[in-house]
Amino acid sequence: MGTFMHGAAVWDVACPQRPSRVAGLTMAGFRVRDLDALRMVPHPAVTLLLEFGAGSPVLDCAAGGQQRGSLVAGPGPGLGSGGAVRARGENVECVQVRLSPVIARAVLGASPADFDGAVVALGDLWGREASRIREQLSGVSSWQDRFALTDALLARRYEAGPLVDPEVSWAWHRIIGSGGLARVDGLAAEVGWSRKRLWSRFRSQLGLPPKRAVKLVRFDHAAHRLVAGEGAAQVAADTGYADQSHLHRDVMAFTGATPRAVAGEPFLAVDDIAWPSRGTLAKPHVSRDLRLGRLPEVRRLPL
């Protein structure tokens, strides 16, 4: 477990010691005190927030809506709304789960297309089961036990849920594997489907069309390289943008902030602590900010 500070917010971050039994599912545990309007930077996954503490997370959404408690956010969150989803709260404890869109429909029992990048209350999807999960998480004392409980629950739901078409899954993994550089016009031909059929199935099963998926994955790679300390011009050249202005427009569209501002986003620093790099970056993202003194030291604590 590690401790991370940003302004008045103090984060305790825990990571599972073992991978999930479900491919495409990752978890982290957070305990946050005095969280004040943290920008949720869009990410190519469905986010499931299972809260169980004395406080309750509050997400303020772009259109003025607000959600509290355990939540589900479609791929993003904030995708297509300028990234204007902010989290806040006091004494928040939660298990945060990232679900690949390929497995999200089975785990959640609903298609990510139903969210369209929005944030919804978990109780609206799962009814009383959402309350039972909260009680179960509150009843165990260690993060590793919470991770095991959560993993077992989500694995059962995944095994009982509907799978996406193999062609849709292949197209998603092709986009992920390319870092968002795959040519969307060629995906249908590669799976042997018509463009119309792939676009329709992809959107209905994963929650976003292929073109938007490519843009989101490319943005995610670029954002983390910016946090790693690389210059915007180099990041743009390496991640498939036409030029630095193109990168600037995409970052603004996804987050409502400039590339320079995104490079200092605390959410991305927490992201790196909880979900370390998959090996696609040249150097760790968080360490750069620590060396510059932007963030206090992260220390490991007993679980």
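Note: the structure precedes this text.
Cut-offs applied
- In every chain, residue numbers begin from 1 and rise along the written sequence.
- Owing to the predicted nature of the model, reporting of local features is limited to residues with pLDDT of at least 70; listing and counting of side-chain atom pairs is limited to 80 or more, with chain, interface and lining totals taken over all residues.
- Side-chain descriptors were evaluated using all non-hydrogen atoms of the structure, hydrogens and water having been removed beforehand.
- Note on ring pairs: Phe, Tyr and Trp rings are taken, using the six-membered ring of Trp, and paired if centres are within 6.5 Å. Classes follow the plane angle, with under 30 degrees stacked, over 60 edge-to-face and the rest tilted.
- Elements are defined by DSSP. Helices are runs of H or I of four residues or more, strands are runs of E of two residues or more, and each kind is numbered from the N terminus.
- Accessibility here uses a 1.4 Å probe with only protein chains present; expressed as a share of the type maximum, an area under 20% marks a residue as buried, one over 50% as exposed, and anything in between as partly exposed.
- Throughout this description, the term charge over a ring refers to an Arg CZ or Lys NZ atom that lies within 6 Å of the ring centre and within 35 degrees of the ring normal.

1. Focus on the packing of aromatic side chains
Part 1: Evaluated as defined, the whole model comprises four aromatic pairs.
Part 2: A ring pair is formed by Phe52 and Trp143, whose centres lie 5.8 Å apart and whose planes are at 70°; its orientation type is edge-to-face. Taken as a pair, Phe52 in the loop between β5 (46-51) and β6 (58-60) and Trp143 in helix α4 (residues 143-160) lie far apart in primary sequence, 91 residues in all.
Part 3: With a relative accessible area of 6%, Phe52 lands in the buried category.
Part 4: Its relative accessible area of 3% is what places Trp143 among the buried residues.
Part 5: Ring centres of Phe219 and Phe254 lie 4.7 Å apart, and the angle between their planes is 25°; on these two criteria the pair is classed as stacked. Note that Phe219 is positioned in helix α8 (residues 210-227) and Phe254 in helix α10 (residues 244-255), a separation of 35 residues in sequence.
Part 6: One aromatic cluster in this structure is built from Phe52, Trp143 and Phe147.
Part 7: Across the ring face of Trp143, the terminal group of Arg146 is positioned such that the distance to the ring centre comes to 4.7 Å.
Part 8: Arg195 extends its terminal NZ or CZ atom over the ring of Trp199, reaching a point 4.3 Å from the ring centre.

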